[in-house]
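Here is what each chain is made of, one letter per residue.
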Amino acid sequence: MRTPSLISFTLFASFVGASFFDQKVAVTLGVMSRCPDALACEAVWNDALPSVKDKADISLTFLATPNASDTDYGVVCKHGPGECGGNIQQLCIQKHGTFDQLWQYVQCSNFEGKDQVGLRDVAQRCATTAGFAWEDELADCVGEDLQGKTDEGRQLLAESAAASKKLNIVNSCTVLINEKIICVRDGTWKTCEGGHEASDFIRQVNEEYNRTNDL
Ligand SMILES: *[C@@H]1O[C@H](CO)[C@@H](O)[C@H](O)[C@H]1NC(C)=O
Ligand SMILES: *[C@@H]1O[C@H](CO)[C@@H](O)[C@H](O)[C@H]1NC(C)=O
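Residues numbered from 1 in each chain as written. Chains lettered and ligands numbered in written order. Predicted model: local features only at pLDDT ≥ 70, side-chain atom pairs only at ≥ 80, totals over all residues. Heavy atoms only, no water.

J.: Which parts of the structure should I look at to understand the overall build of the protein chain?
T.: A tally of regular secondary structure across the protein chain gives eight helices and seven strands. Taken over C-alpha atoms, the radius of gyration comes to 19 Å for the protein chain, in line with the 17 Å a tight globule of 215 residues would show. Summarising its shape, the C-alpha atoms of the protein chain cover approximately 65 × 40 × 30 Å along the three principal directions. The buried share among the 215 residues of the protein chain stands at 48%. (Helix = DSSP H or I, 4+ residues; strand = E, 2+ residues; numbered from the N terminus. Rg over C-alpha atoms; globule rule 2.2 N^0.38 Å. Buried < 20%, exposed > 50% of the residue type's maximum accessible area, 1.4 Å probe, protein only.)

Following this line, the structure appears as structure tokens:
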């Protein structure tokens, strides 16, 4: 039997729309840091974010091709070595920082333009914008030149590329909800059965949230 306090708590929880015992929805964006489709995709999610923040855990996973002949990174990044640096910066923040820091950093970098993503001065400026300093906790991850040619950086990128592959992600940007591909942006939006506007992503997160929490 429910006690009155549990009832009022439940009412309160449903009033705020998300409660601490509910299971969040995993939103995964498969991206490459200098890919125009990734920038477009992240811009739409930026609009969706305020409405899904409490119900979704958003993470980035990166596409890169393992290649032992690349001595800097051990992978080849489609848009050049600078992209590997940008990918690792974002992975380092994702691991050591907060989601808000990661997202502000990504938006700031994207705003500079895709060919600027990962450059040292942009990385410095955007870290300040996102409210952290590379020197604090992330120095070992990105290295002195902030290009991620470190053991940790290389490992994070290799692991992320492997995780992307395991999720069957082949294009940047690929959107997944609870590990299911719901939409791809590859030049144009493709195979987005539920739509590709911010409102469509918000609706699909809410549907999945309701489904997994039996609401
Ligand atoms: C690895 O990179 C080199 C140099 O970019 C390239 O020639 C080679 O085809 C790549 N190998 C694989 C397996 O992708
Ligand atoms: C999710 O459930 C809430 C509460 O029952 C409901 O108000 C809302 O319309 C549902 N949203 C979707 C997208 O199903």
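J.: I would appreciate a short explanation of the sheet that holds strand β2 (residues 56–62) in the present structure.
T.: What holds strands together in a sheet is hydrogen bonding between their backbones, with the strands either parallel or antiparallel. An order of β2-β1-β5-β6-β7 is seen for the five strands of this open sheet, with the pairing classed as mixed. The open sheet is flanked by β2 and β7 (188–190), the only strands paired with a single partner. Pairs of neighbouring strands in the sheet enclose a mean axial angle of 20°, with direction left out of account. Where strand β6 (residues 180–186) and β7 come together, three bridges link them in antiparallel fashion. Paired with Arg185 across the strands is Trp189, a residue of β7. (Pairing = 2+ DSSP bridges. Axes fitted to C-alpha atoms, helices over the stretch in contact; angles between N-to-C directions.)

J.: Sorry if this is basic, but what is going on with the pairing of β6 here?
T.: Along a regular strand, successive side chains alternate from one face of the sheet to the other. Pairing geometry for strand β5 (residues 174–177) and β6, over four bridges, is antiparallel. Bridging from a neighbouring strand, Val175 pairs with Cys183 of β6. A loop of two residues connects β5 with β6, the two strands running antiparallel in sequence, and Asn178 in this loop sits at a positive phi of about 45°. Joining the antiparallel neighbours β6 and β7 is a turn of one residue, in which Gly187 adopts a positive phi near 80°.

J.: How do you make sense of the nonpolar core when you look at a structure like this?
T.: Side chains of nonpolar character tend, in soluble globular proteins, to be buried together. Core analysis: the biggest nonpolar cluster contains 61 residues, and Val27, Trp45, Trp134, Leu157 and Val175 have the highest contact counts within it. Residues in contact with Trp45, not counting those within four places in the same chain, are Val27, Leu29, Val52, Ile58, Trp103, Val175, Phe201 and Val205. (Core = buried A, V, L, I, M, F, W, Y, C linked by side-chain atoms within 4.5 Å. Contact = heavy atoms within 4.5 Å.)

J.: When you look at the pairing of β5 in this model, what are you seeing that I'm missing?
T.: Burial along β5 is two-sided: Thr174 and Leu176 and Val175 and Ile177, pointing in opposite directions, are all buried. Two elements, strand β1 (residues 25–31) and β5, share four bridges in a ladder whose sense is antiparallel. Directly across from Gly30, in β5, lies its bridge partner Thr174.

J.: Sorry if this is basic, but what is going on with the environment of Val122 here?
T.: Its place among the elements puts Val122 in helix α5 (residues 120–130). You can call Val122 buried: its relative accessible area is 1%. Spatially, the C-alpha atom of Val122 lies 10.0 Å from that of Asn110, the residues being twelve residues apart in sequence. Setting aside anything within four residues of it in sequence, one finds Val122 in contact with Ser109, Glu112 and Gln116.

J.: Honestly, the site of ligand 2 in this entry has me stumped. Any pointers?
T.: The local shell around ligand 2 consists of Arg203, Asn206, Glu207 and Asn210. Between ligand 2 and the protein, one listed contact pairs an oxygen atom with a side-chain N or O atom of Asn210 at 2.3 Å. When the free accessible area of ligand 2 is taken as 360 Å², the share hidden by the protein chains comes to 36%. Residue composition of the shell around ligand 2, grouped by class: no nonpolar, two polar and two charged. (Near = heavy atom within 4 Å. Polar contact = N/O pair within 3.5 Å; in protein donor to acceptor, adjacent residues only side chain to side chain. Areas by Shrake-Rupley, 256 points an atom, 1.4 Å probe, with all protein chains shown as cover. Nonpolar A, V, L, I, M, F, W, Y, C, P; charged D, E, K, R; others polar.)

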